[in-house]
Amino acid sequence: MGPYPTKRKEGGGRFAIWLIRTIGLKLGRPAARALLYPITLYFYFRRPFERRASYAFLARVFGRPASAIEVMRHIHRFASTILDRVFLLAGDFSRFDVRIHGIDELISRIRPDRGVLLLGSHVGSFEVLRVAAAERRDASLCVVLDRQQTPAMTQLLEALNPQVGRMVIDASGDPMDVLLALGEALDKGQVVAMLADRARPHETTAVVDLLGAPAAFPVAPFRLGSVLRVPIVLCFGMYRGGNRYDLYFETFSDGLALPRRGAAAELRCIVQRYVARIEHHVRQDPCNWFNWYDIWNSAHAPDGAIAANADRAAGIEASGQTS
């Protein structure tokens, strides 16, 4: 659920945390954004995995080979959202123009004794969700985060906003403890948010269609929604350049019920519906695709290859978190 644990360590550590806070918070966002151009060039020329991942994805969505400029634009978009995490986690929302769509889809499903499972993805910015949480005090947000996966990011979160850090459910703990924590939060009427588009190594996946080819996605978030019997709402924080974001909330289910027989086939249909919404948004704005993970080849790969892909993707995000 959410970001998975991997063997590859997060890059940058405490020095990177200091660097982000110094450049971003002390020098300001404009100065920090100016540094994104050399960072983009570095990733393009010195990080072949990211470069190949971008070329491959853009070729799929465009139906033609991508140009070098298009790939650099893709990398720059990713770097921009990573920088904005600093300000969003610090609660500095005033510098952003966030247009919120469909918030009533979420709010109308919250009850005092039953919250909502909010599923995001590596499309756009998940952190921009905090803008909606700040504007709507009637929605208490709790985020599922793997603290072992991203220790530097966890330290950054706690340093910038300790109160937000206390609203995190640590996904790296015992699975039963995590499930109990999720149930407790939902029983209090909280919105529990997690990323749902990437499987942990060796986790059960469903192979569905994305951009005209089979791709592997985890089934665990949807099993969880069925077990906890809560509404599921999707969210997409699409970055539009500059300081502009569009934050979309979309009702996915008012309660999933899996049959005893044919549960696997039903889960595959459910995952396909989720992936169809991902495809809808990335076709409209391909440079918001930040899943640096070959989910297409993983649909046919053995577990070891999936784990290796996951390790590489985690390394990219760790580097991005410290850019």
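Residues numbered from 1 in each chain as written. Predicted model: local features only at pLDDT ≥ 70, side-chain atom pairs only at ≥ 80, totals over all residues. Heavy atoms only, no water.

**Q** Is there a simple way to think about the overall build of the protein chain in this case?
**A** Scanning the protein chain for helices and strands turns up 14 helices and nine strands. The proportion of buried residues among the 323 residues of the protein chain is 56%. Across the protein chain, the fraction of contacts at a sequence separation of at least 24, relative to all contacts at a separation of at least 6, is 76%. With an accessible surface of roughly 14000 Å², the protein chain has 54% of that area assigned to carbon and sulfur atoms. (Helix = DSSP H or I, 4+ residues; strand = E, 2+ residues; numbered from the N terminus. Buried < 20%, exposed > 50% of the residue type's maximum accessible area, 1.4 Å probe, protein only. Contact = heavy atoms within 4.5 Å. Areas by Shrake-Rupley, 256 points an atom, 1.4 Å probe, with all protein chains shown as cover.)

**Q** Looking at this model, I keep getting lost on the environment of Phe-57. Mind explaining?
**A** In this structure, Phe-57 sits in helix α4 (residues 48–62). Owing to a relative accessible area of 2%, Phe-57 belongs among the buried residues under this scheme. Considering only alpha carbons, one finds Phe-57 and Cys-287, 230 residues apart in sequence, at a separation of 9.7 Å. Beyond its immediate stretch of four places on either side in the chain, Phe-57 contacts His-74, Leu-211, Val-282, Pro-286, Trp-289 and Trp-296.

**Q** Explain the sheet that holds strand β2 (residues 116–120) to me, please; I cannot follow it from the model alone.
**A** Within a sheet, neighbouring strands are paired by backbone hydrogen bonds and run either parallel or antiparallel to one another. The strand order β1-β9-β8-β2-β5-β3-β4 describes an open sheet built from seven strands, whose pairing is mixed. Pairing within the sheet leaves two strands with one partner each, and these edge strands are β1 (97–101) and β4 (168–170). If you compare each strand with its neighbour and ignore which way they point, the axes differ by 25° on average. Bridge count for β1 against strand β9 (residues 244–253) is five bridges, and the pairing is parallel. Bridging from a neighbouring strand, Asp-97 pairs with Arg-244 of β9. (Pairing = 2+ DSSP bridges. Axes fitted to C-alpha atoms, helices over the stretch in contact; angles between N-to-C directions.)

**Q** Got a minute to help me understand the packing of α4 against helix α5 (residues 68–89) in this structure?
**A** Each packed pair of helices is defined by two parameters, the angle between the axes and the distance between the axes. Closest axis-to-axis distance for the α4/α5 pair is 10 Å, and the angle between their directions is 110°. When the axis of α4 is compared with that of α5, the two are roughly perpendicular. Residues Arg-51, Ser-54, Tyr-55, Phe-57, Leu-58 and Phe-62 of α4 lie in contact with α5, whose contacting residues are Ala-68, Glu-70, Val-71 and His-74. Grouping the constituent residues of the contact of α4 with α5 by class yields six nonpolar, two polar and two charged. (Parallel < 35°, antiparallel > 145°, perpendicular 65-115°, else oblique. Nonpolar A, V, L, I, M, F, W, Y, C, P; charged D, E, K, R; others polar.)

**Q** I tried to follow the packing of aromatic side chains on my own but got confused; where do I start?
**A** Geometry of an aromatic ring pair is reported as the spacing of the ring centres plus the angle between the planes. Taken as a whole and judged by the stated rule, the model has eleven aromatic pairs. Geometrically, the ring pair formed by Tyr-239 and Tyr-245 is tilted, given 4.9 Å between the ring centres and 45° between the ring planes. Through pairs of rings, three or more aromatic residues link up here, namely Tyr-44, Phe-45 and Tyr-55. Sitting above the plane of the Tyr-44 ring, Arg-51 keeps its charged end 5.8 Å from the centroid. Directly above the ring of Phe-252 sits Arg-273, whose terminal nitrogen or CZ lies 4.1 Å from the centroid. (Phe/Tyr/Trp six-rings, centres within 6.5 Å; stacked < 30°, edge-to-face > 60°. Lys NZ or Arg CZ within 6 Å of the ring centre and 35° of its normal.)

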